[in-house]
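Take a look at the letters that make up each chain.
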Amino acid sequence: MTYSVLMTTDHNSLAAASHSAKHLVAPLGSFGSDATDRVGGKAANLGELIRAGLPVPKGFAITTTAYTIAAEITGIPSLLSNPNIEPANLREVLRSVDI
């Protein structure tokens, strides 16, 4: 499976993007309060501030789709569910994951 990365600062280009592409990274202004499931609360709220015209530094959001893909590629879900890994050692195990 291949994924397309769409990075643009032009909101019209983002809106016109193909629905078949997976949006992994996008400007903060592309999101609003209805996007917490796609980019998390902080990014969604920053997008709302941008839409309201408040001064927010330029930035981007990594979507939950991108996080899920990265986690699956690196095997993080299986690490987290492995009963042989002690919770106290989980941080070190996760640091050893090659991303």
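What counts, and where the lines are drawn
Residues numbered from 1 in each chain as written. Predicted model: local features only at pLDDT ≥ 70, side-chain atom pairs only at ≥ 80, totals over all residues. Heavy atoms only, no water. Helix = DSSP H or I, 4+ residues; strand = E, 2+ residues; numbered from the N terminus. Buried < 20%, exposed > 50% of the residue type's maximum accessible area, 1.4 Å probe, protein only. Contact = heavy atoms within 4.5 Å. Areas by Shrake-Rupley, 256 points an atom, 1.4 Å probe, with all protein chains shown as cover. Core = buried A, V, L, I, M, F, W, Y, C linked by side-chain atoms within 4.5 Å. pLDDT = per-residue confidence, 0-100.

Colleague: Please provide a residue-by-residue account of the overall build of the protein chain, values included.
Modeller: On a plain count of helices and strands, the protein chain comes out with six helices and two strands. When the helices and strands of the protein chain are listed from N to C terminus, the series reads α-β-α-α-β-α-α-α. Scored against the burial criterion, the 99 residues of the protein chain give a buried share of 26%. Contacts in the protein chain between residues far apart in sequence, at least 24 positions, make up 33% of those at least 6 positions apart. Split by element, the accessible area of the protein chain, about 7,100 Å² in all, is 56% carbon and sulfur.

Colleague: Can you explain the side chain of Thr 74? Please cite residues and give values.
Modeller: By the element assignment, Thr 74 lies in helix H4 (residues 64-74). On the basis of relative accessibility, which here comes to 18%, the residue Thr 74 falls in the buried class.

Colleague: Give me the nonpolar core: which residues, what numbers.
Modeller: In terms of nonpolar packing, the biggest core is built from eight residues, these being Ala 26, Leu 28, Phe 31, Ala 35, Val 39, Ala 43, Ala 44 and Ala 61. If we skip the residues at most four places from it in the chain, Ala 43 touches Leu 28 and Ala 61.

Colleague: Can you tell me about H4, naming the residues and giving the values?
Modeller: What sets the pattern is the α-helix's 3.6 residues per turn: residues three or four places apart point alike. Of the positions making up H4, those classed as buried are Ala 66, Ile 69, Ala 71 and Thr 74. Buried residues in H4 make contact with strand S2 (60-62) and helix H5 (76-80). Gly 75 occupies a position one or two residues after H4 and carries a positive phi of about 80 degrees.

Colleague: Which residues make up the confidence of the model for the protein chain, and what are the values?
Modeller: Across the protein chain, pLDDT averages 78, with 77% of residues at or above 70. Across the protein chain, helix H3 (residues 41-51) holds the top mean pLDDT of 95, while helix H1 (residues 11-15) sits lowest at 41. Low confidence marks residues 1-21, where pLDDT is under 50. Its contacts with residues over four positions away, or in another chain, come to 26 contacts.

Colleague: Break down the environment of Lys 42 for me, citing the residues and quoting the values.
Modeller: Structurally, the position occupied by Lys 42 is in helix H3. Between the alpha carbons of Lys 42 and Leu 28 there is a distance of 9.8 Å; along the sequence they are 14 residues apart.

Colleague: Outline the environment of Phe 31, supporting the account with residue identities and numerical values.
Modeller: Structurally, Phe 31 can be placed in the loop between strand S1 (25-27) and helix H2 (36-39). With 15 residues separating them along the chain, Phe 31 and Leu 46 place their C-alpha atoms 8.2 Å apart. If sequence neighbours within four positions are ignored, Phe 31 has contacts with Ala 26, Arg 38, Val 39, Ala 44, Gly 47, Glu 48, Arg 51, Ala 61 and Thr 63.

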